[in-house]
Amino acid sequence: MEVELRDPKVVMKLSRLGSFHQSKLSFLRSFLKEFKDWKYNRDLFDLDENGYGKAVYSFKKNNRTYSLVCFSNKINDEERSDRVIATKWDAAFVLHDGIPTKKDLERLSYNVPKQEIGRLSYKELTLSRANRSVRIFDHVVESLSNGRQPDKKKISKVGYLYRTTAVYGSGKFGLADRFRIKNREEIYGPFRLEMMLVYLVRQFTFDQVNYIAKHKNPRKAVELDNEICRNLGIGNSTGLGMAPFVINHPTLLNNWILARETALKKIREIKLVKKIDLDLFQNCLNKSLKNVTSWNTESEFQQKKIKKLISDLYQFIDFLEKDFNFKKEYPFNEIYLWCENNLGYECTEYIVSIMMEPYDVIVNPLVNQMSSEEEKHFTIPTNRKISDLRSILEDKYSDIIKIDFSKKENNQNFWFISKNKEEPRIANRYLDNGSDLEQPLAIARDVKKLYDRILNQKNTLTIGNFLIENNDLRHSVRRAFITEKFPYAEIQDNTIGSNLMPIDMLRLKLSFFGAIKFDPRSDKWLRINMFQGAPLPNELKSFNDHWVYNSLN
Amino acid sequence: MKALSEIDTTAKRASRAAGFPWGIAEEIGKNIRLLEMFGLPGIKNLNQYLKIYKNQKFQNISLIAKSNISKIPYCPIIAGVSFLDQVTIMEELDEINFENVSFPILFMPFLSRASEIIGKKILLKIDNKEFLFNFNQSIYSNYSSKEIWEKSNKINIQFLENKNLFNENEWQELYKLSEKIFVEETEELKLKGAGAGTIDND
């Protein structure tokens, strides 16, 4: 039986994309698998008694070394902010390509703590900074220095000691351009070096609390229990800066979604499910309940989604136990169809993720197809005809060209770049200044404009000739021809409408990173947790690949 | 040192700020990145061009002919965009001439990309300087200045047919030498050494 890939017009709606969850395809999980046989080492740990100073951690294999260089600094409580406009952080990090020399460390110690206003070189790959979780950092140090483990309940509420407020890569602030490293096999998957940085930062946070506690009370102090460490991740605060990424990289977005959709299609096409695979699916499903019930957020929007997710999950488990027979043919197809008919997006997509757990054979080959050579698809095929463009718009954007942009609510927002920090922001077109400097992120509106513009054009006119008088819509013409080849390249929604939830765009991207515990702080920013439950660096050689469902928190 | 992605982003934003539509600003970003990667002074020339772009008059060419002459200097960006968009039709002209294109360095990346689209090398002569665009893989040139080039008088563009740079005799000589690594086959080896039979009429 052949199952069709899900229709992009169903999958690419923001309400569904904003309900995606981590899966086996997620970048932090594929990073751990790729680097499990690399040699991990702490090369330098030069902190003072308060935990300030520098440290270097590395992964090595054959002739390749990646080194995380950490700088920990004293800041006052009133200087600690998750906003991108902050200028000081508790710690700053850079991933260096190779082993840093003394000279490199000097250069980096001057530039890395400055973050955006420092300069990096082609020898650096990713850059980040992080702030302590005031809620638990001091509690953990205090407990350890007094010879006891911290309160697990207290820790569980937060889930991390530090949270990063930005992770930069690919040429930002002088970092290495992607073309310099793209042929390295170990980093074929997207964002692999960003994941490495975050993973090593996590270890630094454990080493730092142990070190401070030890110096506070050398006789009594104990080290943070490994099981507690394992159940701590790294937090991340993410704002609007991330949202335009999924619009600005259409072929990359396509490749991420296509990998997920292909995995789902192939799993639905499995005729008979082996018992061992069924057991693994059900085991992950049952264990995952803990992840959901420990998902804390003050956001009413997310609380509602979690409540529905929990009730849907119990309904699903009940269905499996009472009404479902796994011995029948194509059981996962039936499960998927039942989910679509009976559950909300949040739970359906949750179950889609868990369906992948038993199927390395399906998922692993897809991991290496999730990058994109975007430049190859940049040039517009100007010898094509208007009839081709019209067909593409009517076929691929059929919902979008129905939107009436003369209605105020469909045209309410505009995206702009803030002068303050050169970061994307969103504002109300009818209340705020700056819409004349709008970014080209109103894809639906511009595609609709393009469709209206070609209505009276001759079918035989070439795109090259059409563009002579219509270069104001050149960016939309380019996108249309990309979407022709890449069906999941485009969000099938209005990104400037009054009912837009920008955090849906953030969640889409973060779910592919492998983030969990999405905690929206408004409709424009959220906090998440990465690597919670993940093996520690010295456990990488053999770890349970389904660790994400084994978290105790 | 600025990374190429920073160069791309900043060139794109600056071009939009100077008044080019987003789609063209995207082209400029990619082009300046290309120039800088090939060692040509893209940022320098773009910066100077955008400084004067709003206050000086430039001719926007839309349909490119065999010979293109204007008293007002041609905008290198619009000339380049038109060239790129019409290249599949223009290659039939074999040769194209322009007079009075401003900032010709900014025109070049369009030719480089056009070379890749049509699968032919493009030879560009600007006054006494030559540039050979090799399918957007490299630019071969006798020009090495890293300075701003504000004005060109005569520009000649030729679409080079795909042909070899060597003659048949030179090829045969080299081929003969290469044959020395081949092994003479016996009748038995002919039967055993390959997959299919000697006669396959089935």
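Looking at the packing of aromatic side chains
Any pair of aromatic rings gets described here by the distance separating the centres and the angle formed by the planes.
All names here are of chain A.
Alright, step 1. By the definition in use, this model includes 51 aromatic pairs over all chains.
Alright, step 2. Look at Phe316 and Phe319: their rings are 6.4 Å apart centre to centre, the planes differ by 35 degrees, and that puts the pair in the tilted class. Here Phe316 and its partner Phe319 are both found in helix α12 (residues 300–323), 3 residues apart, which amounts to about one turn of the helix.
Alright, step 3. One aromatic cluster is present, built from ring pairs that chain together Phe31, Phe35, Trp38, Tyr40, Tyr57, Phe59, Tyr66, Phe93, Tyr199, Phe204 and Phe531.
Alright, step 4. Note that Arg42 overlies the ring of Phe45, its terminal NZ or CZ placed 3.9 Å from the centroid.
Alright, step 5. Sitting over the face of the ring of Phe378, Arg478 holds its NZ or CZ atom 3.9 Å from the ring centroid.

Some remarks on the pairing of strand β9 (residues 424–428) of chain A
Residue and element names in this part refer to chain A.
Alright, step 1. For β9, the tally of buried residues reaches 4 of 5 residues, placing the bulk of the element in the interior.
Alright, step 2. Pairing geometry for strand β8 (residues 413–417) and β9, over 5 bridges, is antiparallel. Paired with Phe416 across the two strands is Arg425, which belongs to β9.
Alright, step 3. Between β8 and the antiparallel strand that follows it, β9, lie 6 residues; Glu422 among them carries a positive phi value of about 55 degrees.

Re the confidence of the model for chain B
Alright, step 1. Put simply, chain B has an average pLDDT of 93, and 96% of its residues get 70 or more.
Alright, step 2. Both scores are given for the predicted complex: the pTM is 0.93, the ipTM 0.89.

Observations regarding the side chain of Glu423(A)
Residues and elements named next belong to chain A.
Alright, step 1. Its place among the elements puts Glu423 in the loop between β8 and β9.
Alright, step 2. Notably, Glu423 is buried but unbridged: the nearest opposite-charge side chain belongs to Arg425, and the N-O separation is 4.7 Å.
Alright, step 3. In this structure, Glu423 is in contact with Val84, Tyr168, Gly241, Phe416, Ile417 and Ser418, ignoring residues within four places of it in sequence.

Some details on the sheet that holds strand β4 (residues 91–97) of chain A
Residue and element names in this part refer to chain A.
Alright, step 1. Ordered by their spatial adjacency, 9 strands build an open sheet running β1-β2-β3-β4-β5-β6-β7-β11-β10, and the pairing between neighbours is mixed. Looking at the sheet topology across the chains shown, the edges are occupied by β1 (39–47) and β10 (516–520). Averaged over neighbouring strand pairs, the angle between their axes works out to 25 degrees when direction is ignored.
Alright, step 2. Bridge analysis of β1 against strand β2 (residues 53–61) gives 8 bridges, and the strand direction is antiparallel.

Concerning the pairing of β10(A)
Residues and elements named next belong to chain A.
Alright, step 1. Taken across its 5 residues, β10 has 5 buried, putting it largely inside the fold.
Alright, step 2. With 3 bridges joining them, β10 and strand β11 (residues 526–530) adopt antiparallel strand pairing. In the strand pairing of β11, Ile516 is matched with Asn529.

Details of helix α15 (residues 360–367) of chain A
Residue and element names in this part refer to chain A.
Alright, step 1. Among the residues making up α15, those that are buried are Ile362, Val363, Leu366 and Val367. Taken around the axis of α15, the buried residues stretch over an arc of 125 degrees, which confines them to a single face.
Alright, step 2. Those residues of α15 that are buried are in contact with α3 (27–34), α7 (192–216) and α10 (250–268).

Structural notes on unusual backbone geometry
Alright, step 1. Its identity is not glycine, yet Phe173(A) carries a phi of approximately 50 degrees, on the positive side.
Alright, step 2. Here Phe173(A) lies in the loop between β6 (160–168) and α7.
Alright, step 3. Note on Phe173(A): relative accessible area 15%, which makes it buried.
Alright, step 4. Although it is not a glycine, Asp127(B) adopts a positive phi angle of roughly 50 degrees.
Alright, step 5. Assessed through its relative accessible area of 39%, Asp127(B) is described here as partly exposed.

Rules of the game
- Residues numbered from 1 in each chain as written.
- Chains lettered and ligands numbered in written order.
- Predicted model: local features only at pLDDT ≥ 70, side-chain atom pairs only at ≥ 80, totals over all residues.
- Heavy atoms only, no water.
- Phe/Tyr/Trp six-rings, centres within 6.5 Å; stacked < 30°, edge-to-face > 60°.
- Helix = DSSP H or I, 4+ residues; strand = E, 2+ residues; numbered from the N terminus.
- Lys NZ or Arg CZ within 6 Å of the ring centre and 35° of its normal.
- Buried < 20%, exposed > 50% of the residue type's maximum accessible area, 1.4 Å probe, protein only.
- Pairing = 2+ DSSP bridges.
- pLDDT = per-residue confidence, 0-100.
- Lys, Arg positive; Asp, Glu negative; His and termini not counted.
- Salt bridge = Lys/Arg side-chain N within 4 Å of Asp/Glu carboxyl O.
- Contact = heavy atoms within 4.5 Å.
- Axes fitted to C-alpha atoms, helices over the stretch in contact; angles between N-to-C directions.
- Arc of directions from axis to C-beta.

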